[in-house]
Amino acid sequence: MRTYRLVIACPDRVGIVAKVSNFLALYNGWITEASHHSDEQSGWFFMRHEIRAESLPFGIDAFREAFAPIAEEFSMTWRITDSAQKKRVVLMASRESHCLADLLHRWHTDELDCEIPCVISNHNDLRSMVEWHGIPFHHVPVDPQDKQPAFAEVSRLVAEYDADAVVLARYMQILPPQLCQAYAEKVINIHHSFLPSFVGAKPYHQAALRGVKLIGATCHYVTEELDAGPIIEQDVVRVSHADSIEDMVRFGRDVEKMVLARGLRYHLEDRVLVHGNKTVVFN
């Protein structure tokens, strides 16, 4: 079913829900899903509505024009998107395949409602897997002594493919500040839960030596501050003294895949609202 997704954030006050609901009722808008959240700490209100597109007498541009006075009255930051317009997601990876393979499989089986116009990697290892799916693969090696040319090419490709979002599926390079700024709240990353306790190489080996009992992963938007952007999704699995390092690595890969896939799905379905360095996720 084709829907419009109306997403709103504004200073909290009386009458927001009534005003939006009356507007939709006036035009016979059929609400199929409604989510609201009032944040007492910040004093902001968050809302997400899905409306049957065919129930409205106009298209999305006319909706924007008609709704604009209400948005101005309540000082709303808002957007409306069409579920029929698939977002274009550029995937980036390095050598590890588990996150990339999982997303490609979900896309291939229509579990992820998006387009993947290309995959960018700083290594050639995953080319055959990507091209098997019929997706263009771009090898953009990164010179450790001068990374600027590589990221200039990455920026060019992302712009050329008109990406709505970029997913770092275990892409093991730090994006430059200008790229983070240009695609703020559009670049999604995944990292394991051992930061900052176990940094550097072989974090699972370090964790095993310390006898950790939980392995987790965090999916977040990328900002200039490394691994500190607004969090979209997290999860954990329990481990014990009986689990080997190989077991822990396997558990870690599994939870990374699941968390990244869920985080991307929430983003694609316009379920994530960012306020400062915090998110409201209507899942």
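Worth saying up front: this structure is predicted, and the values here are computed from it rather than measured.

> I would appreciate a short explanation of the state of the cysteines in the present structure.
This structure, assessed with the given rule, holds zero disulfides. With no disulfide partner, Cys-180 has as its closest neighbouring cysteine sulfur the one in Cys-219, 15 Å distant.

> Would you explain the pattern of salt bridges in this entry?
Pairs may arise between side chains of opposite charge once their charged atoms sit close together. One pass over the structure, following the stated rule, counts 27 salt bridges. A salt bridge links Glu-115 to Arg-88, with the shortest nitrogen-to-oxygen separation between them at 2.9 Å. Highlighted residues: Glu-115 in strand S6 (residues 114–115) and Arg-88 in strand S5 (residues 87–93), separated in sequence by 27 residues. Accessibility expressed as a relative area gives 35% for Glu-115, which makes it partly exposed. Since its relative accessible area comes to 22%, Arg-88 is described here as partly exposed. The salt bridge involving Lys-257 is made with Asp-254; its shortest N-O contact spans 3.6 Å. One end of the pair, Lys-257, and the other, Asp-254, are both in helix H8 (residues 245–268), three residues apart, so they sit about a helical turn from each other. Look at the salt bridges and you will find they share partners, linking Glu-33, Arg-48, Glu-50, Arg-265, Glu-269 and Arg-271 into a network.

> I keep staring at the environment of Ala-25 and nothing clicks. Help me out?
Relative to the assigned elements, Ala-25 resides in helix H1 (residues 16–26). Taking the C-alpha atoms as reference points, Ala-25 and Leu-56, separated by 31 residues in sequence, lie 9.6 Å from one another.

> Explain the side chain of Asp-39 to me, please; I cannot follow it from the model alone.
With respect to the helices, strands and loops of the structure, Asp-39 is situated in strand S2 (residues 31–39). Judged by its relative accessible area of 10%, Asp-39 falls in the buried class. At a separation of 2.9 Å, a polar atom in the side chain of Asp-39 contacts the main-chain amide nitrogen of Gln-41. Look past the residues within four positions of Asp-39 in its chain and what remains in contact with it is Trp-44, Phe-46 and Lys-278.

> I keep staring at the UniProt feature "active site" (unreviewed entry) in the protein and nothing clicks. Help me out?
Mapped onto this numbering, the UniProt entry annotates "active site" (unreviewed entry) at Asp-227. Here Asp-227 lies in the loop between strand S11 (214–221) and strand S12 (231–238). Side-chain polar atoms of Asp-227 contact the side chain of His-191, separated by 3.5 Å.

What counts as what
Residues numbered from 1 in each chain as written. Predicted model: local features only at pLDDT ≥ 70, side-chain atom pairs only at ≥ 80, totals over all residues. Heavy atoms only, no water. Disulfide = S-S within 2.5 Å. Salt bridge = Lys/Arg side-chain N within 4 Å of Asp/Glu carboxyl O. Helix = DSSP H or I, 4+ residues; strand = E, 2+ residues; numbered from the N terminus. Buried < 20%, exposed > 50% of the residue type's maximum accessible area, 1.4 Å probe, protein only. Polar contact = N/O pair within 3.5 Å; in protein donor to acceptor, adjacent residues only side chain to side chain. Contact = heavy atoms within 4.5 Å. UniProt positions renumbered as here; feature names shortened; annotations may be inferred.

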